[in-house]
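# Chains, contacts and geometry: an overview
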Amino acid sequence: MMFKRCLELVLKSEGGYVDHPSDPGGRTNRGVTQAVWEEWVGHPVTEKDMRALTVEKISPMYEMKYWRPSYCEKLPIGVNLLVFSMAVNAGSGRAVKLLQRTLGIVEDGVIGRITMGKINELSPATLVDRYSATRKVYYEGLKLFPIFGRGWLARTEKERLEALEMVRNS
């Protein structure tokens with residue numbers, strides 16, 4: 001149930017079909033790049049195929065490629081949304097490492113005993129705010145920030161507020 005709710009919010013952030021010339025991901029629909037989709041389905045796809053992606057088609061891929069490898073089922077409500085969204089945007093390993101950077105521990109990309117212990121020392125709301133701040137710093141350091149930065153920061157803030165709402169309602 002939590003995966004579905006987080007997926008719904010991430011897909012709101014991702015939007016629909018785009019093919020921005022400066023985006024190294026190329027054709028993207030519902031946050032799924034053509035290369036990722038081709039890898040998932042095991043064969044080349046066309047623009048028509050990319051435009052035809054539905055939530056039902058992509059949901060299993062999102063769960064297996066981003067939700068589970070980012071340990072989102074173990075994370076506090078709200079924090080799981082942010083880590084999941086970051087995984088979709090920049091990869092599961094990077095999303096977990098940013099969480100570990102937020103916690104001030106070794107960034108190994110694995111949520112084990114030490115990481116969970118540090119997570120449990122903070123309230124979910126505090127962790128949501130701190131992770132969002134770490135995420136902003138990450139985006140500001142990217143070479144494509146001048147092109148996509150405003151959108152990345154707007155997404156980070158929108159999702160921070162959604163995550164805090166999830167914390168309040170849990």
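Report follows, based on the coordinates. Since the model is a prediction, treat every value here as computed from it, not as a measurement.

When you line up the elements, Thr-102 lands in helix 6 (residues 92-103). Taking the C-alpha atoms as reference, Thr-102 lies 8.0 Å from Leu-127; in sequence the two are 25 residues apart. Excluding residues within four positions of it along the chain, Thr-102 makes contact with Leu-127, Arg-130, Tyr-131 and Thr-134. Polar side-chain contacts of Thr-102 include one of 2.8 Å to the side chain of Thr-134.

The next subject is the nonpolar core. Judged by nonpolar contacts, the single largest core of 50 residues is most densely connected at Tyr-62, Phe-84 and Leu-99. Breaking this core down by element, the ones donating at least two residues are helix 1 (2-14), helix 2 (34-41), helix 4 (55-67), helix 5 (79-90), helix 6, helix 7 (113-120), helix 8 (124-140) and helix 9 (145-168). The residues touching Leu-99, leaving out its near neighbours within four places in the chain, are Leu-75, Val-79, Val-83, Ile-111, Ile-119, Leu-127 and Tyr-131.

Procedures and definitions
Residues numbered from 1 in each chain as written. Predicted model: local features only at pLDDT ≥ 70, side-chain atom pairs only at ≥ 80, totals over all residues. Heavy atoms only, no water. Helix = DSSP H or I, 4+ residues; strand = E, 2+ residues; numbered from the N terminus. Contact = heavy atoms within 4.5 Å. Polar contact = N/O pair within 3.5 Å; in protein donor to acceptor, adjacent residues only side chain to side chain. Core = buried A, V, L, I, M, F, W, Y, C linked by side-chain atoms within 4.5 Å. Buried < 20%, exposed > 50% of the residue type's maximum accessible area, 1.4 Å probe, protein only.

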